[in-house]
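Inside the fold
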Amino acid sequence: MRKRIAVFTIVLSCLFFLTALITSLLQKSPLFFAIAIQFAAIGIISSHFLFHAQWRQDLISAIQAGRGESAKQMNLLKEQFDALLNIFFVLRPEKPLPTMSRWAAEPDFIKLLIHLLLKEKPKNIVEAGSGVSTLCMALAIHRYKLSSSILSLEHDQRCFDQTMNSLLEHGISDHVNLVYAPLKKYELKGKNMLWYETKGLQQISDIDMLVIDGPPAIQDPPSADSGSISPILSSRFNLCSPIF
């Protein structure tokens, strides 16, 4: 209602301003010129009220939206920080761990892996995509003297070298069979998809725990997702504690 009144006042003030201004010019009357100035002032005040009120409302809405998004981000950050503290408390690594960000697995995922590893105690773990997750699982196996072993597939030579160096640095490479496995095209669900070469899996008969942390989704053709790889591993997969 206020907005309509303000708009009406602006329009009416403009009309009166123009009328008074034209009259003052035609009759050369300072009185009509003064009246024109008054109507102009009324129009300016009304427009200021209208647009200032709208700007203020937009600003308030933007601030409220920003607060909501900031609160959401802070909650996510807190969850990741809590998970990171939990990881260090459980594993108690003697040397620094790699960064858990960007392409690496995030702390909440690592925490879940460690929890299921200690709970289910799977014998044969296959991991698609190596990295900090490989290191943390191996640390858990080493620290708690589990009989588990990890076979990790990695298609990127740089990531392969980084993971191997981390395992050697922590002295736990004997818990992991790190296999260089280039990506290969598979026909899955009627589509060409990329996944790891599976020759390295021939040495194990059963998969008790499957960890899918790769390959990256940005591929052409697209990488096979967790719902598409069952035909590749169906003969070896023992459904115990899979991670997708």
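Look a little higher up for the structure.
Source: prediction; values computed, not measured.

The helix and strand tally for the chain stands at 6 helices and 6 strands. Counting helices and strands in the order they occur from the N terminus, the chain gives α-α-α-β-α-β-α-β-β-β-β-α. Across the 244 residues in the chain, those meeting the buried criterion constitute 38%. Expressed as a percentage of contacts within the chain between residues at least 6 apart in sequence, the contacts between residues at least 24 apart total 71%. Summed over all atoms, the accessible surface of the chain reaches about 15200 Å², with 60% contributed by carbon and sulfur.

Phi angles above zero are rare outside glycine, and R92 is one such case at about 45°. Of note, R92 is situated in the loop between α2 (30–91) and α3 (107–120). The residue K121 is not glycine, and still its phi comes out positive at about 50°. Within the fold, K121 resides in the loop between α3 and β1 (124–128).

This brings us to the nonpolar core. Counting residues in hydrophobic clusters, the biggest one holds 30 residues, and the most contacted among them are I110, I114, I125 and C136. With 8 residues, helix α4 (residues 132–143) is the single largest residue contributor to this core. Not counting residues up to four positions away in its chain, the partners in contact with I125 are L117, M137, I141, S148, S149, I150, L151, M209 and V211. Ranked by size, the runner-up nonpolar core spans 16 residues in total, among them A128, M193, Y196 and L201.

Approximately 210 Å³ is the volume attributed to the second largest pocket. In this structure, the second largest pocket is lined by L91, R92, P93, E94, K95, L139, H142, R143, E169 and H170. The set of elements that each furnish at least two residues to the lining of the second largest pocket consists of α4 and α5 (157–170). Split by residue class, the lining of the second largest pocket holds 3 nonpolar, 2 polar and 5 charged.

Let us look at the environment of L183. When you line up the elements, L183 lands in strand β4 (residues 183–188). Taking C-alpha positions, L183 is 8.2 Å from P215, a pair spaced 32 residues apart along the chain.

Moving on: α4. Over its 12 residues, α4 runs 16 Å from end to end, which matches the ideal 16 Å to within 8%, given 1.5 Å per residue. Of all 12 residues that make up α4, 10 are buried, and the element is covered over most of its length. Taken together, the buried positions of α4 are V132, S133, T134, L135, C136, M137, A138, L139, A140 and I141. Just past α4, the residue K145 takes up positive phi, approximately 55°.

Moving on: the pattern of salt bridges. Within this structure, the stated rule accounts for 1 salt bridge. The closest approach of N and O atoms between K78 and D82, which form a salt bridge, is 3.0 Å. With a gap of 4 residues between them, K78 and D82 both fall in helix α2, about one helical turn apart. Residue K78 is classed as exposed on the basis of its relative accessible area, which comes to 51%. Here D82 falls in the partly exposed class, since its relative accessible area comes to 34%.

Taken as a whole and judged by the stated rule, the model has 2 aromatic pairs. Relative to Y180, the ring of F160 lies with its centre 6.3 Å away and its plane at 90°, an arrangement referred to as edge-to-face. With F160 in helix α5 and Y180 in strand β3 (residues 176–180), this pair connects stretches of sequence that are 20 residues apart. A residue is classified by how much of its surface remains accessible, and Y180, at 40% relative accessible area, is partly exposed.

This paragraph deals with the pairing of β4. By the bridge criterion, 6 bridges tie β4 to strand β5 (residues 191–196) in an arrangement that is antiparallel. By the bridge assignment, L183 is partnered in β5 with Y196.

In space, the 4 strands of this open sheet follow the order β3-β2-β1-β6, with parallel pairing throughout. The two strands at the open ends of the sheet, each matched to only one other strand, are β3 and β6 (209–212). On average, each strand axis in the sheet is tilted by 15° relative to the strand beside it, whichever way the strands run. Pairing geometry for strand β2 (residues 149–154) and β3, over 5 bridges, is parallel. Of the residues in β3, the one forming a bridge with L151 is N177. Its contacts with the sheet put α4 on β1, β2, β3 and β6, and the angle it makes with β2 is roughly 170°. Helix-sheet contacts for α5 involve β2 and β3, and the interaxial angle to β3 is about 165°.

What counts as what
Residues numbered from 1 in each chain as written. Predicted model: local features only at pLDDT ≥ 70, side-chain atom pairs only at ≥ 80, totals over all residues. Heavy atoms only, no water. Helix = DSSP H or I, 4+ residues; strand = E, 2+ residues; numbered from the N terminus. Buried < 20%, exposed > 50% of the residue type's maximum accessible area, 1.4 Å probe, protein only. Contact = heavy atoms within 4.5 Å. Areas by Shrake-Rupley, 256 points an atom, 1.4 Å probe, with all protein chains shown as cover. Core = buried A, V, L, I, M, F, W, Y, C linked by side-chain atoms within 4.5 Å. 1 Å grid on protein atoms, 1.4 Å probe; cavity = no way out; pocket = protein on both sides within 12 Å on 5 of 7 lines; lining within 4 Å. Points joined across faces, edges and corners; volume = space filled by probe spheres on them. Nonpolar A, V, L, I, M, F, W, Y, C, P; charged D, E, K, R; others polar. Expected span 1.5 Å × (residues − 1). Salt bridge = Lys/Arg side-chain N within 4 Å of Asp/Glu carboxyl O. Phe/Tyr/Trp six-rings, centres within 6.5 Å; stacked < 30°, edge-to-face > 60°. Pairing = 2+ DSSP bridges. Axes fitted to C-alpha atoms, helices over the stretch in contact; angles between N-to-C directions.

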